[in-house]
Amino acid sequence: MKLSIWIVLALCALTLASTPAQAEADLKLPRERVTLVAPPFVHPHEQATKSGPKIIEFTMTVVEKPMVIDEAGTKIFGTTFNGSIPGPLMVVHEGDYVELTLINPAINTLMHNIDFHASTGALGGGGLTQVNPGEQVTLRWKATRAGVFIYHCAPGGSMIPLHVVSGGMSGAVMVLPRDGLKDEAGRRLHYDRVYYIGENDFYVPRDAKGNFESFAEASDYFPKTLELMRKLVPTHVVFEGRVGALTGKDALRAKVGETVLIVHSQANRDSRPHLIGGHGDYVWETGKFHNPPLRDQETWFIRGGSAGAALYTFRQPGLYVYLSHNLIEAVELGASAHFKVDGQWNDDLMKQVGAPQPIPSATALQAKPK
Amino acid sequence: MSRRKLAFWLLAGGIAASLGVASATMSMSTRSDSIDAVLVAPRAFVYRMAGDFDQAGRPVDAPLVTIARTSPLRIMRRQVSAAEYDRCVVAAKCKSRSPLARSDQQLPVVQVSWEDATAYAKWLSAKTGERWRLPTDEEWVFAAGSRFHDDALSVAASSDPSIRWLARYEKESQRETLDRQLRPAGAFGSNEYGVLDLSGNVWEWTNSCFVRQSLDAASRPVGRPSANCGVRVVEGEHRTYLTDFIRDARGGGCAVGKPPSNLGFRLVREGDAFVAIASMFAAR
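Note that the structure is a prediction, hence the values are computed from the model and not measured.

Calculation rules
- Counting starts from 1 at the beginning of each chain's written sequence and moves along it residue by residue.
- Written order determines the labels here, with chains lettered from A and ligands numbered from 1.
- Where totals are concerned, whole chains, interfaces and linings use all residues; where local detail is concerned, this predicted model gives features only for residues with pLDDT of at least 70, and gives and counts side-chain atom pairs only at 80 or more.
- Hydrogen atoms and water are omitted, and side-chain values are computed over all heavy atoms in the structure.
- Pairing between strands is defined by DSSP: at least two bridges between them are needed.
- The secondary structure listing takes helices from DSSP runs of H or I that are at least 4 residues long and strands from runs of E that are at least 2 residues long, numbered from the N terminus.
- All axes here are fitted lines through C-alpha atoms, helices being fitted over the stretch that makes contact, and every angle between N-to-C directions spans 0 to 180 degrees.
- Under the convention used throughout, the expected extent of a helix is 1.5 Å for every residue step, that is, one less than its residue count.
- Burial status follows relative accessibility: with a 1.4 Å probe on protein chains alone, a residue under 20% of its type maximum counts as buried, one over 50% as exposed, and anything between as partly exposed.
- The arc in question is formed by the directions pointing from the helix axis toward the C-beta atoms.
- The contact rule is simple, with two residues in contact once any of their heavy atoms fall within 4.5 Å.
- A residue's pLDDT is simply how confident the predictor is in it, with values from 0 to 100.

Regarding the sheet that holds strand E13 (residues 236-239) of chain A
Residues and elements named next belong to chain A.
- Reading across from one edge, E13-E12-E15-E19-E17-E18 is the order of the six strands in this open sheet, with mixed pairing throughout. The two strands at the open ends of the sheet, each matched to only one other strand, are E13 and strand E18 (294-297). Put simply, the sheet's adjacent strands are angled 25° from each other on average, direction ignored.

Brief notes about helix H3 (residues 218-229) of chain A
Residues and elements named next belong to chain A.
- Over its twelve residues, H3 runs 16 Å from end to end, which matches the ideal 16 Å to within 8%, given 1.5 Å per residue.
- Within H3, the full set of buried residues consists of Tyr221, Phe222, Thr225, Leu226 and Met229. Taken around the axis of H3, the buried residues stretch over an arc of 120°, which confines them to a single face. In H3, the exposed residues that point more than 90 degrees away from the buried face are Ser219 and Glu227.
- Contacts from the buried residues of H3 go to strand E3 (75-81) and helix H2 (159-166).

Comments concerning the environment of Ser113(B)
Residues and elements named next belong to chain B.
- Within the fold, Ser113 resides in the loop between helix H2 (82-90) and helix H3 (114-128).
- The spatial distance from the C-alpha of Ser113 to the C-alpha of Leu263 is 7.4 Å, given a sequence separation of 150 residues.
- Those residues in contact with Ser113 that sit more than four places away from it in its chain are Trp205, Asp244, Phe245, Ile246 and Arg247.

Focus: the confidence of the model for chain A
- When pLDDT is averaged along chain A, the result is 91; 91% of the residues meet or exceed 70.
- Taken as a whole, residues 11-23 of chain A scores under 50 in pLDDT and shows 18 contacts with residues more than four places along the chain or in a different chain.

Listed below in structure tokens is the structure:
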């Protein structure tokens, strides 16, 4: 029997076993309600906390809508958490409970659910959260591991890549150690800003003329997209759901002296973040905070199906490019973001000692090939 | 070209030139075979020089100079079309168009390099007996009039390279992103001289070479400029500099900065009187 059928059967069994969603007061812990914000921004949160474990309540609505993914206006059938690609970053502390209410409005056409890589059991919650259009569900899970983790929709069979990959239906959770981030020697690390970058690979079919096809019906879009996905050659590789989502007017901002935490997730495919003109001072490449961070990184690796985190203190003003250092994907397919950094230039770190000028004639002659 | 025709052109050119001198705003349309060209009357105009300029090694905006042009300029009303370019390809004088340029025949030819444009000008000149060539940047700006976009940043010279860099980025970010979809001639409108589609979504090659020039505190040139003619000035919604063999500017850029959406061209014709006399000699 095919694996996908087993997954569907497993999901069905779990659904039968589950009880209807209800707000139980079975856990005597303080509750905190958090309103999520769209990436690259992250809701306000403590980095280290003195408080004991809490139940953190989140609500996300599934939004099915066409999403523009490049400057030419190419559209995909977006299946999104809260209307953004990626879905919002949820921040809690180790030992907290995440209590998510997932709403699938009646206007939608598909069944959805959510698989949290940070959670334990029931296919990451996927087996307990299947909601048809017009339904909602509430799931609670305990954050037992510190780090940044993917969450994504996992409805079963080919609908998994269709939702997660071609529809952009993934996001991330950040579980911070209760006493915050630390370096390899256990010293506290702090960030002034945090940005969440979700990377997606899209596979958009082309028409006979070679232009990206636009579809009126998901039933036409899905089979053609699936056929293309099986070749594993993306037409777009983007941050925040579209080419140029984090450049120009939407470029990320920082100041010299500020420390920025960049959380980077990729639910499907490998990526290699690099900051042109800067570094990863501390990088949790696999994203899990109880492992010592790597120091002074040039390019780091985000394994498909995981999230990673990099901490960097900007030391020089100007424009920085944060990209996937597969330059074809960064430049041709879209995986680039820009940081605009204000502050004072440091000549000690870099100085143009001589401006571009003609090569002095004697040198020019010497340099000429014979 | 017949003698009668030549005489007509001599006369027409003379009239156009005198009209041009008489009225600074008037322009005339002339047809040379099927080439639809506009005669832009002479005038004095302010020109933002092209290239990279510095004061004591610090990058600054290019100086503004006033150019008093005394002769009219005959320039193609619209950009060269794919159909026109393809006739040069059929004649084996131009390289075939990029397979990636899927434009219809009546749309502007795009994905052409400076080399392609120059080959086309050479072929057209041989075919018509007239001297067609790419405009210099000064000529392009002269014909563009109000369609010229001044990219000056108005940022003082500084030893901090990030200031100009961020200012340029800010300016680029504010520009509207034009899609690459080609449109028929005239879709981007006419300027005050009747020249169509300037600064639309097809950028145009010029003949001017990229130069570097040092300036003194009063923005006067210091020493000789260094020219690099492997890189030419490209005009449109913003001015840029591209290597002469580049056909798609999106493939010729660096990590940041917006490249032109499409690369095409239009040509100017050398002075009519000169061409007519040269043709008469050739006819003997």
